[in-house]
Amino acid sequence: DAGVIQSPRHEVTEMGQEVTLRCKPISGHDYLFWYRQTMMRGLELLIYFNNNVPIDDSGMPEDRFSAKMPNASFSTLKIQPSEPRDSAVYFCASSPQLTNNYEQYFGPGTRLTVT
Amino acid sequence: EDKVVQSPLSLVVHEGDTVTLNCSYEVTNFRSLLWYKQEKKAPTFLFMLTSSGIEKKSGRLSSILDKKELFSILNITATQTGDSAVYLCAVHQGAQKLVFGQGTRLTINP
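So, here is what we can say about the structure in this document. From a predicted model like this one, the values you see are computed outputs, not experimental measurements. (Residues numbered from 1 in each chain as written. Chains lettered and ligands numbered in written order. Predicted model: local features only at pLDDT ≥ 70, side-chain atom pairs only at ≥ 80, totals over all residues. Heavy atoms only, no water.)

1. What about the environment of G94 of chain B?
All names here are of chain B. Summarising the element assignment, G94 is placed in the loop between strand 9 (85–92) and strand 10 (98–100). Note on G94: relative accessible area 8%, which makes it buried. Excluding residues that lie within four positions of it along the chain, G94 makes contacts with N29 and R31. (Helix = DSSP H or I, 4+ residues; strand = E, 2+ residues; numbered from the N terminus. Buried < 20%, exposed > 50% of the residue type's maximum accessible area, 1.4 Å probe, protein only. Contact = heavy atoms within 4.5 Å.)

Printed below as a string of structure tokens:
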């Protein structure tokens, strides 16, 4: 089991550029989550999908952020245009659709720096 | 607004000490409480608690939930330098959604 895979692991970009983060969830998991982690705000849920359908995007900070899940094995989080305050570690997590198992499995994260 | 509050935010102890980390919550539709350990990379799962008063234990770590007073504690006995990490508390509030606390940064000095 390869676990949740994220790419790239590090991204440095200039303000105004488009950034795309990628995630491959664990095979068979029906839920996929995108989180952002900063020192100031901790770990925040941005959006999550169930069976490729976005369920709750209330955590997406503004229209510059968008997320897609075209199939069960791939999701993207896009920031366009990026700003320095978007600098953070972005985690993708997945979980199975089991009634009594709410554990989420996290990927290694993408460290984004916007200069 | 749903919230999860952890205390202390930071803790420094000596190897061998016992520590207690706290997590209190106010959420609608509580389902369970989870503890995660985060070292330099991704959070890794420790415990899930759903019932009050039942202790979960794994080696030197243990945790208990009080659903009446809306809190949980995580105990680590005989701490080791490898226990140094950020410990995250999260509450599941339905539909697989977790609300995380700010975390407690634990440092174990040799």
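Don't stop here, the text continues.
2. Notes on the sheet that holds strand 8 (residues 74–79) of chain A
Strand pairing in a sheet takes place through backbone hydrogen bonds and is either antiparallel or parallel in direction. All names here are of chain A. An order of 1-3-8-7 is seen for the four strands of this open sheet, with the pairing classed as antiparallel. Looking along the sheet, the strands with just one partner apiece sit at the ends: strand 1 (5–7) and strand 7 (65–71). This sheet shows a mean twist of 15° between the axes of neighbouring strands, independent of strand direction. Relative to strand 8, strand 7 runs antiparallel, the two being bridged by five bridges. Bridge pairing in strand 8 links N71 to F74. (Pairing = 2+ DSSP bridges. Axes fitted to C-alpha atoms, helices over the stretch in contact; angles between N-to-C directions.)

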